[in-house]
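# Close look at the chain arrangement
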Amino acid sequence: MSTYVLTLTDPLATLETVGGKGESLAKLTRAGLPVPGGFHITTEAYRQFVAENNIQTHILAALQGIDAADPGTLEPAARRIGELFAESTIPGEVAQAILSTFSPMRDTPVAVRSSATAEDLPEASFAGQQETYLNIRGAEAVLAAVKKCWASLWTGRAIAYRQRQGIAPETVALAVVVQELVFAEAAGILFTANPVNGMRGQAMISAAWGLGEAIVGGLVTPDTLIVDKASGAIQEQQIAEKHLMTVRTHDGTLEQPVPVELRCTPVLSGKTAAELTRLGVQIENLYGLPMDIEWALAGERCYILQARPI
């Protein structure tokens, strides 16, 4: 029997079925960490879409002669593959599985996140190689975002990264995670070991106002805090002048100026920094490795959006 969707905590949510990001979110959710609710669209759904639309042979043909070091060969291939995905139709049984699972969330804005089978691995993180779409509303918009996520497996930078890593194009597939959108007042990144000096007893938190896209995309200089993992106490902090923030719109997101009164205001209180560090230590213990964690803050509650080995 085909399995096109899985619950977020399903035991079948493995690297092969839901990709690196999906597998990590399943593990975090099962461990009781504060992960937004949602579901997986499996790699089987992607493969069914590719098969029914006869896309694979065209993908391999488009990739003939590409050179990871030459963007001039990558972008035309990526553009052609993107056109193939845009022109193709999601098979009826796949669309039905997605929409029936999405139905209880139909009035809730969601995040639609790509999760590749070669992603968030200790030896190759692939961070940022595939797309995420935020503040998606309604069934048709979700299906459109899923198709865009699938196509993002074949952007120029993703193709080049996999070629440099020696990963054969016919072996990769993409899952998608659909989750309730966190209406974040602030967001950022937490490293459970200090990446500057390597100290394992310190966590480093980057924090900015709004949704996390501005900080992940490098559009804003965030606050930086060094926190003692044992006590949760802030040891150092640099409060940046934060000019941009990513905010929700009616049907998506946009970057807008940070209100003047918030630009030089610390994003995180000591209490919230300690709570984030506590969650980071819990995640590090779960994995047995120093971790790179994306988080969001809404209504004084911390949410974990993603975690991967540093």
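Use the structure listed above.
This section reports on the structure supplied with the text. (Residues numbered from 1 in each chain as written. Predicted model: local features only at pLDDT ≥ 70, side-chain atom pairs only at ≥ 80, totals over all residues. Heavy atoms only, no water.)

## Brief notes about the overall build of the chain
Heads up, the condition is: Helix and strand assignments follow DSSP, with helices taken as H or I runs no shorter than four residues and strands as E runs no shorter than two, numbered in order from the N terminus. For the radius of gyration, the atom set is restricted to C-alpha positions; the globular benchmark scales as 2.2 Å times the number of residues to the power 0.38. Note on exposure labels: buried denotes an accessible area under 20% of the residue type's maximum, exposed denotes more than 50%, and partly exposed covers the range between, all computed with a 1.4 Å probe on protein chains only. By the convention used here, residues are in contact when the closest approach between their heavy atoms is within 4.5 Å. Only the protein chains shown count as cover for residues, and the accessible areas themselves come from Shrake-Rupley with a 1.4 Å probe. Only four residue types enter the tally: Lys and Arg on the positive side, Asp and Glu on the negative side, with His and both chain ends excluded. We put the charge of a Lys on NZ, of an Arg on CZ, of an Asp on CG and of a Glu on CD.
Along the backbone of the chain there are nine helices and 13 strands. For the chain, the C-alpha radius of gyration of 20 Å lies close to 19 Å, the compact-globule estimate for 310 residues. With the C-alpha coordinates of the chain rotated into their principal frame, the extents come out at 55 × 45 × 40 Å. Taken across its 310 residues, the chain has 53% of its residues classed as buried. Within the chain, counting contacts between residues at least 6 apart in sequence, those at least 24 apart form 66% of the total. Within the structure as shown, the chain displays about 13500 Å² of accessible surface, and the carbon and sulfur contribution to it stands at 52%. With 23 positive and 33 negative side-chain charges, the chain shows a spacing of 2 Å between the two charge centroids.

## Quick word on the environment of Val182
As for its position among the elements, Val182 is in the loop between strand 5 (174-180) and strand 6 (186-191). The exposure class of Val182 is buried, given its relative accessible area of 10%. In this view, Val182 contacts Pro36, Leu211, Ala296, Ala298, Tyr303 and Leu305; residues no more than four positions away in its chain are not counted.

## Thoughts on the side chain of Ser115
Stated precisely, the cut-off is as follows: Here a polar contact is taken to be a pair of N or O atoms separated by no more than 3.5 Å, where protein atoms must pair a possible hydrogen donor with a possible acceptor and residues adjacent in sequence count only if both atoms sit in side chains.
Structurally, Ser115 can be placed in strand 3 (residues 110-116). At 3.5 Å, the side chain of Ser115 forms a polar contact with the backbone nitrogen of Gly20. Here Lys21 takes part through its backbone nitrogen, which lies 3.1 Å from a polar atom of the side chain of Ser115. When neighbours within four sequence positions are excluded, Ser115 is seen to be in contact with Val18, Gly19, Gly20, Lys21, Gly22, Leu174, Ala175 and Val177.

## Quick notes on helix 2 (residues 43-52)
Here is the rule we go by: Taken from the helix axis, the directions to the C-beta atoms give the arc we talk about.
Among the residues of helix 2, Thr43, Ala45, Tyr46, Phe49 and Val50 are the ones counted as buried. All buried residues of helix 2 project into a common sector of 160° when viewed along the axis, lining one side. Asn54 sits one or two positions beyond helix 2 and adopts a positive phi of about 55°.

## Quick word on helix 4 (residues 71-87)
Let me state the cut-off plainly: In this analysis, the expected span of each helix is defined as 1.5 Å times one less than the number of residues it contains.
Look at helix 4: 24 Å from first C-alpha to last across 17 residues, which is about the 24 Å you get at 1.5 Å a residue. Every buried residue of helix 4 is accounted for by Leu74, Ala77, Ala78, Ile81, Leu84 and Phe85. The buried side chains of helix 4 occupy one side of the element, clustering within an arc of 120° when seen end-on. Those residues of helix 4 that are exposed and aimed more than 90 degrees away from the buried face are Gly72, Arg79, Ala86 and Glu87. Of the residues that open helix 4, the one with a side-chain oxygen 2.9 Å from the backbone nitrogen of Gly72 is Asp70.

## Looking at empty space enclosed by the protein
For the record, the criterion: The rule is simple: put a 1 Å grid over the protein atoms alone, call a set of points where a 1.4 Å probe fits but cannot get out a cavity, call an open set with protein on both sides within 12 Å along at least five of seven lines a pocket, and count a residue as lining if it has an atom within 4 Å of a point. Grid points are joined across faces, edges and corners, and a volume is the space filled by probe spheres set on the points.
This model, assessed by the stated rule, comprises one cavity of 30 Å³ or more. Space inside the largest cavity adds up to approximately 170 Å³. Lining the largest cavity are 19 residues, with Arg113, Gly212, Glu213, Ala296 and Leu305 sitting closest to its centre. Among the elements of the structure, strand 3, strand 5, strand 6, helix 8 (213-216) and strand 12 (291-298) are those that each provide at least two residues to the lining of the largest cavity.

## Regarding the nonpolar core
Selection criterion: In this text, buried Ala, Val, Leu, Ile, Met, Phe, Trp, Tyr and Cys residues form a nonpolar core when linked through side-chain atoms within 4.5 Å.
Core analysis: the biggest nonpolar cluster contains 47 residues, and Ile41, Tyr46, Phe85, Trp150, Trp154 and Val176 have the highest contact counts within it. If sequence neighbours within four positions are ignored, Trp154 has contacts with Tyr46, Ile59, Leu63, Ala78, Ile81, Phe85, Ile159, Arg162, Pro169 and Val172.

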